[in-house]
Amino acid sequence: MATLREAQREMTRKLLLDAGIELFTTKGYALTKVDDIASAAGTTRVTFYAYFPSKGDLMKALIAERLNAALGRVPSAEHGSTERELVAVVEDGSRERIRAWLAATSEQWDEIRPYTTTAFEAAAVDPEIRTLFDEWLNEAVGDIKDGLDRADRFPAGTRHFRSVIAMTELDHVARHWTPGTWGVERREMLDVLTESWFGSIGRR
């Protein structure tokens, strides 16, 4: 019986998360109400609050659980979460390794875009989400800096700034680019993005 109840709880939580991201994507974070999410999940406001204290907490769960899982980010004692492959790619610093990683990452953009776009929108109206989203981006920035530190590449005082430039650029492209956007197809987009990353953080 306990196992069945736990399975039902997990299913209800999944339905709330599914309904939340669907509504945040189609209706917008600011316009989506708790009642909307509960109704779309086939449950009630009371049940919603039994799982999430607020709409913002549901958004936090979407970032911490689904977005991190999609990107292969795992818990890290140093800075919240890490993607070990990104650290290794930056440490290597070759143009080929950077392009391969960017190409693999770009295959996930359609999957992760609802989460990153919604998080960006939510951050504009919810200070807690703004803080969480900034922390999340800083964790990715930290991965790049870790790679630069391990390689001992570039003056130490510029490594964080270089990492910020690279991740900010990637985040913007990942949230907005689709084939033909800005006049470039996928191969051209990857060529230019690789050139930019290699110039900022690559091995000479």
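Here we summarise the structure given alongside this text. Keep in mind that this is a model prediction, so the values were computed, not measured. (Residues numbered from 1 in each chain as written. Predicted model: local features only at pLDDT ≥ 70, side-chain atom pairs only at ≥ 80, totals over all residues. Heavy atoms only, no water.)

**A few points about the environment of Ala40**
And step 1. On the secondary structure map, Ala40 appears in helix H2 (residues 34-40).
And step 2. Put simply, Ala40 and Ile201 are 161 residues apart on the chain and 45 Å apart in space, counted from C-alpha to C-alpha.
And step 3. Once you skip the residues sitting within four places of it in the chain, Ala40 turns out to touch Ala19 and Leu23. (Helix = DSSP H or I, 4+ residues; strand = E, 2+ residues; numbered from the N terminus. Contact = heavy atoms within 4.5 Å.)

**With respect to the packing of helix H4 (residues 55-71) against helix H7 (residues 109-125)**
And step 1. Running from amino to carboxyl end, H4 crosses H7 at an angle of 145°, the nearest separation of the two axes being 10 Å. The element H4 and its partner H7 pack so that their crossing is left-handed. Contact with H4, carried on its side by Met59, Leu62, Ile63, Arg66, Leu67, Ala70 and Leu71, involves Glu111, Ile112, Tyr115, Thr116, Thr118, Ala119 and Ala122 of H7 and no other residues of that element.
And step 2. Looking at the contact of H4 with H7 residue by residue, the classes come out as 10 nonpolar, two polar and two charged. (Axes fitted to C-alpha atoms, helices over the stretch in contact; angles between N-to-C directions. Left-handed = near helix turned anticlockwise from the far one by under 90°. Nonpolar A, V, L, I, M, F, W, Y, C, P; charged D, E, K, R; others polar.)

**Let's talk about the pattern of salt bridges**
And step 1. Inspection of every chain in the model, using the stated rule, returns 20 salt bridges.
And step 2. A salt bridge links Lys60 to Asp57, with the shortest nitrogen-to-oxygen separation between them at 3.9 Å. Residue Lys60 and its partner Asp57 are located together in helix H4, separated by three residues, close to a single helical turn.
And step 3. For Asp57, a relative accessible area of 24% puts it in the partly exposed group.
And step 4. Here Arg186 and Glu107 are joined by a salt bridge, their closest N and O atoms 3.0 Å apart. Of this pair, Arg186 sits in helix H10 (residues 186-201) while Glu107 is found in the loop between helix H6 (95-106) and H7, placing the two residues 79 residues apart along the sequence.
And step 5. Overall, Arg186 belongs to the partly exposed group, its relative accessible area being 32%. (Salt bridge = Lys/Arg side-chain N within 4 Å of Asp/Glu carboxyl O. Buried < 20%, exposed > 50% of the residue type's maximum accessible area, 1.4 Å probe, protein only.)

**A short note on the side chain of Glu83**
And step 1. Mapped onto the fold, Glu83 is located in the loop between strand E2 (80-82) and helix H5 (84-92).
And step 2. If we skip the residues at most four places from it in the chain, Glu83 touches Leu71, Gly72, Arg73, Trp101 and Asp143.

**Some points on empty space enclosed by the protein**
And step 1. Following the criterion strictly, the structure yields one cavity of 30 Å³ or more and no others.
And step 2. Space inside the largest cavity adds up to approximately 190 Å³.
And step 3. Those elements giving two or more residues to the lining of the largest cavity turn out to be H6, H7, helix H8 (127-151) and helix H9 (156-176).
And step 4. Broken down by element, the lining of the largest cavity gets its largest block of residues, five residues, from H9. (1 Å grid on protein atoms, 1.4 Å probe; cavity = no way out; pocket = protein on both sides within 12 Å on 5 of 7 lines; lining within 4 Å. Points joined across faces, edges and corners; volume = space filled by probe spheres on them.)

**Side note on the packing of aromatic side chains**
And step 1. Inspection of the entire model under this criterion finds seven aromatic pairs.
And step 2. Ring centres 5.5 Å apart and planes at 90° place the aromatic pair Phe48 and Tyr49 in the edge-to-face group.
And step 3. Judged by relative accessible area, which is 0%, Phe48 ranks as buried.
And step 4. Look at Trp101 and Trp197: their rings are 5.6 Å apart centre to centre, the planes differ by 20°, and that puts the pair in the stacked class. One end of the pair, Trp101, is in helix H6; the other, Trp197, is in helix H10, and 96 residues separate them in sequence. For the residue pair Trp101 and Trp197, the accessibility class agrees, reading buried in each case. (Phe/Tyr/Trp six-rings, centres within 6.5 Å; stacked < 30°, edge-to-face > 60°.)

**Re unusual backbone geometry**
And step 1. Positive phi is not limited to glycine here, since Phe154 has a value of about 70°.
And step 2. Residue placement: Phe154 occurs in the loop between H8 and H9.
And step 3. Although it is not a glycine, Trp182 adopts a positive phi angle of roughly 60°.
And step 4. By the element assignment, Trp182 lies in the loop between H9 and H10.

In short, geometric facts, not functional conclusions.
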